[in-house]
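Report on the structure
Chain residues, written in single-letter form:
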Protein chains: 2
Amino acid sequence: MLKNMSEIGIAIAGLGVVGAETARQLTKKNTELHSRAGTAPVLRAVSARTQKDRGFDASGIDFVPDATALAARNDIDIVVELIGGSDGVAFDLCQAALKQGKHVVTANKAMIAHHGHLLAQRAEDANVQLCFEAAVAGGIPALKLLREGLSGNEIERVTGILNGTCNYILTEMTQTGRGFDEVLREAQEKGYAEAEPSFDIDGIDAAHKLSILAALAYGEQVNFPSVNISGIRAITDIDIAYAGDLGFVIKLLGSAGRGRVPTVQPWLVARDSQLAKIDGALNAVAFDAEPVRSIVCTGPGAGAGPTASAVLADIIDIARGRRSFAFGRPAASLKSNGDLKAVPPGRFYLRVMVRDETGVLSAITSILRDHQISVESMLQKSQSANKPVPLVLTMHETAHEPVAAACAELRGQSFVDGDVLALPVLDSA
Amino acid sequence: MLKNMSEIGIAIAGLGVVGAETARQLTKKNTELHSRAGTAPVLRAVSARTQKDRGFDASGIDFVPDATALAARNDIDIVVELIGGSDGVAFDLCQAALKQGKHVVTANKAMIAHHGHLLAQRAEDANVQLCFEAAVAGGIPALKLLREGLSGNEIERVTGILNGTCNYILTEMTQTGRGFDEVLREAQEKGYAEAEPSFDIDGIDAAHKLSILAALAYGEQVNFPSVNISGIRAITDIDIAYAGDLGFVIKLLGSAGRGRVPTVQPWLVARDSQLAKIDGALNAVAFDAEPVRSIVCTGPGAGAGPTASAVLADIIDIARGRRSFAFGRPAASLKSNGDLKAVPPGRFYLRVMVRDETGVLSAITSILRDHQISVESMLQKSQSANKPVPLVLTMHETAHEPVAAACAELRGQSFVDGDVLALPVLDSA
């Protein structure tokens, strides 16, 4: 019953930090991995743009400049795709490999978010495995946990800190009181953020991961366009400070409730909750489910070692003959999630930059009242005659729509001078 | 490749809260579980001391008074053992079931801690699965995480809050300042602690779980007698208060480092670390490993729903044909862990109840000096003429042996009037 072939041939396409680390682990720890896998995983070929020393023993390993050529080799059982990008070479290679009856292991969240359903179908057609543990939450085995560890549960909600760059920036802002631009610049210098940071800080990367988690949690076809996304650019040091005064920290969360529109957005998270304590570049994934109630898993969300750990686990599962459908069920049985409801009502934080004029408070509260929004508390720390001042308030439970409508109306007011920001509030997580 | 039989027959032995909840889930959610399992899991027989309504639809399900009779039935593929106890009926049933070629799923940590290696061999002989996810950390899929999710890693250390009763008592003491006896009594009244609480509060239950985790982490034969165990009876409200003043909380941790003696004992845990924040009846398991670095998973450590979740996951894995060796590798390849080294040196907390006499401080510090122990800080809050007073100090890094020797010597001093307690200190976790 337990698969016991003598060797399993592996090719790695893409030798960036994750690819090189995976190659290092496969070559250096071969004996130990063999005992875990029951079969010797043998790295037979690698592909990258340039051939150079990458810290692993490349003797006996073919260097193949054209990644897609790996798909056709008879000595390869598993193609490990670590090139990245939703389309292009990565997608071509994965399609070709599956067509040739090879298992595919990938860390490519963008490709799975965009083409996961198609690739899962192709894998089933070819009776091979498509594995992407490394695509979500780095070293945390979040997909295995959800797909197998919690397979007896109905998932009610998946909530996660899914982007280490955003979490690092928000943590730094919280701990040092510095502004977004300054912290972002420093994160870029330290290599925690890309030179073109939009993918991370605008929430796209977190949304890719969330769409994959939601598909697994609810038995749905992965549907990246359904995710409602807003990133962290609008968060100022003022918001961090006011949130702190109210007993909260600001976190970018991906959140997908059963039957609800998945969202990636900054939240006010109660300071004593588990997710509030996940600092720096860590990731966390929380599952609310029945009958298990709540499981939270934290760990490094990125980096060579943690990502290689997830890639190796997929390789060992394949070598051991442990088979799963890519999204937990046959691709043909995955539902299309066309009829998602809006997220449920909740409390909100509102920050409006206003001119310090007479009657402003009254004007704002009447706009909120007109939208049936009830104010819970209000804060205004300091006033400065010639500069716009922040007005911060929290609302009692309300739906998202009136909040969005009130924000739009506020933005049109002459006394508003700057951004209007509304963030949902999470009291426990 | 994915197993696709039409039905898989299940028997549950033991209908306490976990057994009844598992039966409820299997009967109520059959369609959903079928889609996860690819096969319909059908509950065909149950066994318990008495036959009564337990909140699930028992129509069509045989009631069998003699649990061991379940092993012989041809319509049963999986025997779910939820009777408990390391020996007796539970162990007889599991051995008989494996011999008859039936898969065994169990939540029985005592039985696996004592007989896990033998049962794993029997399961391999019969080419069936022995699964015990529910035996460790309740609803947290800790074993799957370790065995499969982190299969590409070398585990360096496993640390866990593995007993909900102890964690509940320590949390209550911390939050309310009350003493051990009072909190234990209340926990017993609320049903969080047993009438005979020794199994939990003396650390046996946590040690069962730790021995299983250590076996999986290090590829060793499960070896319960190797665990060094001390429970929480000696912890007083004084210790909780002093630990708090020093920036720590007290937690009962199971800890097993690679090649080291596994220990269950109370620790001072830095208040801002992740494990310090696991309150009440929650469990947590932390893995330090290479290349993933650190993964922490938290969730409910006991209770009907969380335990049933783990049992169902094992059933679905079996139904799906996902096979694993019980301890991650063939039983014959598991090492005997005979040559374990002592735990590495660390900082310690020492509390001595002394008579308030002249020269006591000097006598204590010279005893410590004689054992080459260097004092880091000392605290003495209040003094009372006619009652013994606590003297609390922390030590710089030292090995365990001199601490134990110093404690023994202190206990023999005339000025010592009451317990001498030394606890290790965990600065980050």
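Residues numbered from 1 in each chain as written. Chains lettered and ligands numbered in written order. Predicted model: local features only at pLDDT ≥ 70, side-chain atom pairs only at ≥ 80, totals over all residues. Heavy atoms only, no water.

Residues and elements named next belong to chain B. Pairing geometry for strand β7 (residues 154–161) and strand β11 (residues 282–290), over seven bridges, is antiparallel. Residue isoleucine 155 lies in a different strand from β11, and its bridge partner there is alanine 289. Strand direction decides the pairing type here: β11 and strand β12 (residues 293–300), joined by eight bridges, are antiparallel. Residue pairing for β12: valine 285 is matched across the bridge by cysteine 297. Counting the residues between successive antiparallel strands, the hairpin from β11 to β12 contains two residues. (Pairing = 2+ DSSP bridges. Helix = DSSP H or I, 4+ residues; strand = E, 2+ residues; numbered from the N terminus.)

Below, the discussion takes up a nonpolar patch on the surface. Residue and element names in this part refer to chain B. A cluster of nonpolar side chains, contributed by Leu361, Val375 and Met378, occupies part of the molecular surface with about 210 Å² of accessible area. Relative to the assigned elements, methionine 378 resides in strand β14 (residues 375–379). Classification of methionine 378 as partly exposed rests on a relative accessible area of 32%. (Patch = residues over 30% accessible without salt bridge, like charges linked within 9 Å, V, L, I, M, F, W, Y side chains within 5 Å. Areas by Shrake-Rupley, 256 points an atom, 1.4 Å probe, with all protein chains shown as cover. Salt bridge = Lys/Arg side-chain N within 4 Å of Asp/Glu carboxyl O. Buried < 20%, exposed > 50% of the residue type's maximum accessible area, 1.4 Å probe, protein only.)

This brings us to the layout of surface pockets. All names here are of chain B. Empty space within the largest pocket amounts to approximately 1400 Å³. For the largest pocket, the lining is made up of 49 residues, of which Val17, Val18, Ile83, Lys109 and Glu194 are closest to its centre. Of all the elements, helix α1 (residues 17–28) adds the most residues to the lining of the largest pocket, at four residues. Among the residues making up the lining of the largest pocket, the classes are represented as 23 nonpolar, 16 polar and 10 charged. What the second largest pocket holds in volume is close to 1100 Å³. (1 Å grid on protein atoms, 1.4 Å probe; cavity = no way out; pocket = protein on both sides within 12 Å on 5 of 7 lines; lining within 4 Å. Points joined across faces, edges and corners; volume = space filled by probe spheres on them. Nonpolar A, V, L, I, M, F, W, Y, C, P; charged D, E, K, R; others polar.)

All names here are of chain B. Taken together, the six strands give an open sheet; going across it, the order is β3-β2-β1-β4-β5-β6, and neighbouring strands pair in parallel fashion. Among the strands making up the open sheet, the edge pair consists of β3 (62–63) and β6 (130–131). Direction of pairing for strand β1 (residues 7–13) relative to strand β2 (residues 40–47): parallel, over a ladder of seven bridges. For isoleucine 8, the partnering residue across the bridge sits in β2 and is proline 41. Seen against the sheet, α1 touches β1 and β2 and runs at an angle of roughly 160° to β1. Its contacts with the sheet place helix α11 (residues 304–320) against β1, β2, β4 (78–81), β5 (103–106) and β6, and it is angled at close to 160° to β5. (Contact = heavy atoms within 4.5 Å. Axes fitted to C-alpha atoms, helices over the stretch in contact; angles between N-to-C directions.)

Residues and elements named next belong to chain A. Cis geometry marks the peptide bond from glutamate 290 to proline 291, where omega comes out at 10°. Counting through the fold element by element, proline 291 comes out in the loop between β11 (282–290) and β12 (293–300). A positive phi angle, near 60°, is found at asparagine 127, a position not held by glycine. Structurally, asparagine 127 can be placed in the loop between α4 (109–126) and β6 (130–131).

Right, let's talk about the interface of chain A and chain B for a bit. Listed by partner, the interface residues are 53 residues for chain A and 53 residues for chain B. Between chain A and chain B the total buried area reaches about 4700 Å² when both faces are included, carbon and sulfur atoms providing 52% of it. If you look at where chain A meets chain B, you find eight salt bridges. Arginine 329 of chain A is paired through a salt bridge with glutamate 32 of chain B; the nearest N and O atoms lie 3.2 Å apart. Joining chain A to chain B, the criterion identifies 21 residue pairs in polar contact (both at pLDDT 80 or more). Elements that contribute at least two residues to the side of chain A that touches chain B include exactly α1 (17–28), α2 (30–37), α5 (142–149), β11, β12 and α11 (304–320) of chain A. The class makeup of the residues in the side of chain A that touches chain B is 22 nonpolar, 16 polar and 15 charged. Bridge count between β12 of chain A and β12 of chain B: three bridges; the pairing is antiparallel. In the strand pairing of β12 of chain B, cysteine 297 of chain A is matched with cysteine 297 of chain B. (Buried area = accessible area lost by both parts, 1.4 Å probe. Polar contact = N/O pair within 3.5 Å; in protein donor to acceptor, adjacent residues only side chain to side chain.)

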